[in-house]
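What the coordinates show
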Amino acid sequence: MLAMSDINCIKHLRNKKGLSITKIKETLGINWRTAKKYADEDQLPDSKIKQSNGMMYTDKWGEIVSDWLFEDSKLKKKLRRTKKQMFKELLDLGFTGSYRTVCYFISDWENSHNEELDKGHDRLEHPPGEAQVDFGLMEVVKDGEFMDTHVLVMSYPHSNTAFAVPLPSENQECFLQGLKLLFSQSEGVPRRIRIDNLTPAVKKVRSKTEEAKLTDAFIQFQNHYGFEVQVCNPRSGHEKGSVENKVGYIRYNFFTTSPVMNSYEELTETLRVQLQNDRQRLHYEKQVMIEDLWNIEKNFLLELPTEDYPVFKEVETKVNKFNEAKIDNTLIHIPKASNYPFIYFVLNWDKFKAVSSDGEILLEDFRPYMNKKRAIPWISIFKDWIRKPRVVPYSRYQKYLPGRVNDYLMVDDLVVRKERLLELVNLLVTHDMKRINEEFFDLISGKNENPFGLDWSEYDSLAPLERSE
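In what follows, the accompanying structure is described. Since we're looking at a predicted model, the values are computed, not measured. (Residues numbered from 1 in each chain as written. Predicted model: local features only at pLDDT ≥ 70, side-chain atom pairs only at ≥ 80, totals over all residues. Heavy atoms only, no water.)

Describing empty space enclosed by the protein
Rule in force here: Cavities and pockets are found on a 1 Å grid laid over the protein atoms alone: a cavity is a set of points where a 1.4 Å probe fits but cannot escape, a pocket is an open set with protein on both sides within 12 Å along at least five of seven lines, and a lining residue has an atom within 4 Å of such a point. Grid points are joined across faces, edges and corners, and a volume is the space filled by probe spheres set on the points. In DSSP terms, a helix is any run of H or I states spanning at least four residues, a strand is any run of E spanning at least two, and both are numbered starting from the N terminus. Throughout this entry, Asp, Glu, Lys and Arg are counted as charged residues, while Ala, Val, Leu, Ile, Met, Phe, Trp, Tyr, Cys and Pro are counted as nonpolar. The remaining residues, Gly among them, count as polar.
Taken as a whole and assessed by the stated rule, the structure comprises one cavity of 30 Å³ or more. Quantified by volume, the largest cavity comes out at close to 60 Å³. Lining the largest cavity we find Asn160, Thr161, Ala162, Lys246, Leu275, Asp278, Arg279, Arg281 and Ile290. Looking at the lining of the largest cavity, the elements that each hand over two or more residues are strand 3 (161-167) and helix 11 (264-278). Class assignment of the residues belonging to the lining of the largest cavity gives a composition of three nonpolar, two polar and four charged.

This is the structure we're talking about:
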């Protein structure tokens, strides 16, 4: 069938221009019968919904099989006829079709008559004060290197309000600490929290016969704050679609380029302010400001408890002969640890303490995952900049350059900028970016007495004059 625009062109040539069918055929390069059909015949709309046809629908066979299926539906599974049995009985009645034809018909019948089979999802209601929680993996830059951070997001679907906290891991200590911070930002505790099968909270997932079982630590935390918990079914992300969407919204709006993170506390505050400002927009469905909806919804939250909940975990561990014990899959050297048969690790979300059996603190430090980073591929980035030196001030990576190196490259002369990029690429073969910045004057000044290209006399004139005695 021709496109409607082509049909309209044929009608125009025939009715408005008065061309013959042969002329239309030659002009458009189409078959004569096609030109005749669309030029002179009416083109009426036809329904695209096709009725089922074939011998199972037009003859008696479909009705017979339907009666059998209806009868068997009242029986136990083991007493029902199989598809092959039905096919054999149809053959005895004179059926001339194939076994596959019967199978297709049975499949269609079961899909249309099984009341329990519904592939759609119920639209969930979201009363005020109900929240959904999930983790999202984001990328940041810390100390000049890439670092993964696990952002715990809490969404309130009723008002479409969200809060988020960056954390170094998704373990129990981080999860509970993150919930504490989210409650504090919300200025209250949700009445009910919907979660998926997070390992820190769920020790046994829901089955067809049993509800999900929560970990003892999470139950104790839940009892302190007084909220209810609803665990989603396995592989059912739609059951917490609000927070799933919020994780993506935060990633694509606030982490489009990896933000520079000086500390988790600073990034937490930055996200809090950004999400607070984000509430100054209309709700996607209710067409009311999200801030106004949140001001109403937060009145339904539970009060924060007066006593702070300490989040920590104690783990007993053995020490090898090298004074080493394992934490977060990393061996940690602990002085004098071999003098004790075992030691305890007191784990917080960011730090740990190694404590002897008699209570002596042997070591206190940051947990290993706090320093888990990936180097920024500066050599390949600089090589791209060498080809296009004009792009440096606009590159997404420019803000990650350390101060001295950044000032060194921010010159207006593109030829000089390209030369300096080549020089830095050669240095990066044997030095990392952090060392180049720290030893900048030793590495660069030896080749260039004035590496920044500045008029130092102007800076000297700005210096305060020494007072005469």
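After presenting the structure, the write-up continues.
Side note on the side chain of Ser356
Just so we agree on the cut-off: Contact between two residues is taken to exist if any of their heavy atoms lie within 4.5 Å; hydrogens are not considered.
With respect to the helices, strands and loops of the structure, Ser356 is situated in strand 12 (residues 351-356). Residues contacting Ser356, with those up to four places away along its chain left out, are Tyr340, Ile343, Tyr344 and Leu362.

Observations regarding the sheet that holds strand 13 (residues 361-366)
Selection criterion: Any two strands are treated as partners once DSSP identifies two or more bridges connecting them. Only the stretch in contact is used when fitting a helix axis, every axis being a line fitted to C-alpha atoms; angles between N-to-C directions are given from 0 to 180 degrees.
Pairing in this open sheet of four strands is antiparallel, and the strands run 8-11-12-13 from one edge to the other. Either end of the sheet is taken by a strand with one partner, and the two such strands are strand 8 (313-317) and strand 13. Each strand of the sheet is rotated relative to its neighbour by a mean of 20°, with strand direction disregarded. As paired strands, strand 12 and strand 13 are joined by five bridges and run antiparallel to one another.

Things to note about the pattern of salt bridges
What counts is decided by this rule: Each reported salt bridge corresponds to a side-chain nitrogen of Lys or Arg within 4 Å of a carboxyl oxygen of Asp or Glu. For the exposure calls, accessible area comes from a 1.4 Å probe over protein chains only, and a residue counts as buried if that area is under 20% of its type's maximum, exposed if over 50%, partly exposed in between.
According to the stated counting rule, one finds 20 salt bridges in the structure shown. Ionic pairing is found between Arg367 and Glu173, a salt bridge with its closest N-O pair at 2.5 Å. Taken together, the residues span a long stretch of sequence, with Arg367 in the loop between strand 13 and strand 14 (374-375) and Glu173 in helix 8 (residues 172-186) at a distance of 194 residues. Accessibility expressed as a relative area gives 4% for Glu173, which makes it buried. Across the pair Glu269 and Arg272 runs a salt bridge, and its minimum N-O distance is 2.7 Å. Within this pair, Glu269 and its partner Arg272 are both found in helix 11, separated by three residues, close to a single helical turn. Exposure remark for Arg272: the relative accessible area of 29% places this residue in the partly exposed category.

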